[in-house]
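Listed here are the chains, written in short residue letters.
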Amino acid sequence: KNEALELVKEWGGELENLPDIFKKDKEIVLLSVKDSGNYLQYADDSLKKDRDIVLEAIKNDGYALEYADNILKKDKEVVLEALKIEGTALQYADDIFKKDTEVVLAAVKSDGNSLDDVDISLKKNKKIVLEAVKQNGASIMFADDSLKKNKEIVLEAVKQNGNALYHADDSFKKNKEIVLIAVKQNGSAIGCTDDSFKKDKEIVLIAVKNNGNALEYVDDSFKKNKE
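Everything numeric here is computed off the predicted structure, so don't read it as measured data. (Residues numbered from 1 in each chain as written. Predicted model: local features only at pLDDT ≥ 70, side-chain atom pairs only at ≥ 80, totals over all residues. Heavy atoms only, no water.)

Here we look at the pattern of salt bridges
Taken as a whole and assessed by the stated rule, the structure comprises 20 salt bridges. For Glu-6, the salt bridge identified is with Lys-9, shortest N-O distance 3.6 Å. With a gap of 3 residues between them, Glu-6 and Lys-9 both fall in helix 1 (residues 2–10), about one helical turn apart. Residue Asp-52 is joined to Lys-26 by a salt bridge in which the shortest nitrogen-to-oxygen separation is 3.2 Å. You can see Asp-52 sitting in helix 4 (residues 51–60) and its partner Lys-26 sitting in helix 3 (residues 26–35), a full 26 residues away along the chain. On the basis of relative accessibility, which here comes to 48%, the residue Asp-52 falls in the partly exposed class. In this structure Lys-26 comes out as partly exposed when scored by relative accessible area, which is 33%. (Salt bridge = Lys/Arg side-chain N within 4 Å of Asp/Glu carboxyl O. Helix = DSSP H or I, 4+ residues; strand = E, 2+ residues; numbered from the N terminus. Buried < 20%, exposed > 50% of the residue type's maximum accessible area, 1.4 Å probe, protein only.)

As structure tokens, this is what we get:
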């Protein structure tokens, strides 16, 4: 055991190569998951049910929730700890939490893209979607279509990521106020705007100053314009 402890102390991943008896040893496994929560996958199933071990693992790597026993994927405290580290670890939680407003809010505040994994009913929840797009504008792609038509949601999304405009309702691609905010954040957002904006000198200048690649999407007349 002393040799095994020294091995995992040097590199936690060595747990994978140890005899099964050591994969059932709490002291050894705890040392391993402190190095990386991902090493929980190599522990004996009996320790994947051990709350102390799993909590230590997810504090190190939220995605370690994937390897926890199903009973701990139903433990709200465990799930919330995982989401503090990795919001998209929600995908590994029990489905009951994908409908839980408190848990889902924690997830999207950590990583907006976790909106992809929430129950469809909460993809229509304005408060949740708003928090998601504030963290990652592109997460608007996972929102219910009704909220892709919501100006407040779209504004927050393009402020955070101009290219979120690609996923917004088409009406906003014709809205100059929204388009200006989007291209100021990322010039390439001009690529999804109404053709009239690709001929609009003010918007084109902002877009290409922000991102030279935006020139690819503007009207051909600007590509010949040295100014």
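Notes on helix 6 (residues 101–110)
Where helix 6 is concerned, the buried positions are Val-103, Val-104, Leu-105, Ala-107 and Val-108. Against the buried residues of helix 6 lie helix 5 (76–85) and helix 7 (126–135). Here helix 6 starts with a cap whose side-chain oxygen sits 3.0 Å from the backbone nitrogen of Glu-102, and that cap is Asp-100. (Contact = heavy atoms within 4.5 Å. Polar contact = N/O pair within 3.5 Å; in protein donor to acceptor, adjacent residues only side chain to side chain.)

Remarks on the side chain of Glu-14
Of note, Glu-14 is situated in the loop between helix 1 and helix 2 (20–23). The contact partners of Glu-14, leaving out residues within four places of it in the chain, are Leu-7 and Val-8.

Some points on the packing of aromatic side chains
Taken as a whole and judged by the stated rule, the model has 3 aromatic pairs. Seen from their ring centres, Trp-11 and Tyr-39 are 6.2 Å apart, and the 80 degrees between their planes marks the pair as edge-to-face. Separated by 28 residues along the polypeptide, Trp-11 in the loop between helix 1 and helix 2 and Tyr-39 in the loop between helix 3 and helix 4 bring together distant segments of the chain. Taken together, a centroid distance of 6.5 Å and an interplanar angle of 90 degrees make the contact between Tyr-63 and Tyr-92 edge-to-face. Here Tyr-63, found in the loop between helix 4 and helix 5, pairs with Tyr-92, found in the loop between helix 5 and helix 6; they are 29 residues apart in sequence, far enough to count as distant. For Tyr-92, a relative accessible area of 23% translates into the label partly exposed. (Phe/Tyr/Trp six-rings, centres within 6.5 Å; stacked < 30°, edge-to-face > 60°.)

So, the nonpolar core
Ranked by internal contacts, the top residues of the largest apolar core, which has 70 residues, are Ile-28, Ile-58, Leu-65, Leu-90, Leu-115, Leu-165 and Ile-190. Not counting chain neighbours up to four residues away, the residues in contact with Leu-65 comprise Ile-58, Lys-73, Val-78, Val-79, Ala-82, Ala-89, Tyr-92 and Ala-93. (Core = buried A, V, L, I, M, F, W, Y, C linked by side-chain atoms within 4.5 Å.)

Quick notes on the environment of Gly-13
Locating Gly-13 in the fold gives a position in the loop between helix 1 and helix 2. You can call Gly-13 buried: its relative accessible area is 1%. As a C-alpha pair, Gly-13 and Gln-41 span 28 residues in sequence and 9.9 Å in three-dimensional space. Discounting residues that sit within four places of it in the chain, Gly-13 has contacts with Asp-35, Tyr-39 and Tyr-42.

A look at helix 4
Looking only at helix 4, the buried set comprises Ile-53, Val-54, Leu-55, Ala-57 and Ile-58. Tucked into the core, helix 4 has its buried residues touching helix 3 and helix 5.

Describing the packing of helix 6 against helix 7
Close contact between helix 6 and helix 7 brings their axes to 7 Å; oriented N to C, the two are set at 15 degrees. Overall, the two elements helix 6 and helix 7 adopt an arrangement that is roughly parallel. The handedness of the crossing between helix 6 and helix 7 is right-handed. Counting all contacts with helix 6, which are made through Thr-101, Val-104, Leu-105, Val-108, Lys-109 and Ser-110, the residues of helix 7 involved are Lys-127, Ile-128, Glu-131, Ala-132 and Gln-135. (Axes fitted to C-alpha atoms, helices over the stretch in contact; angles between N-to-C directions. Parallel < 35°, antiparallel > 145°, perpendicular 65-115°, else oblique. Left-handed = near helix turned anticlockwise from the far one by under 90°.)

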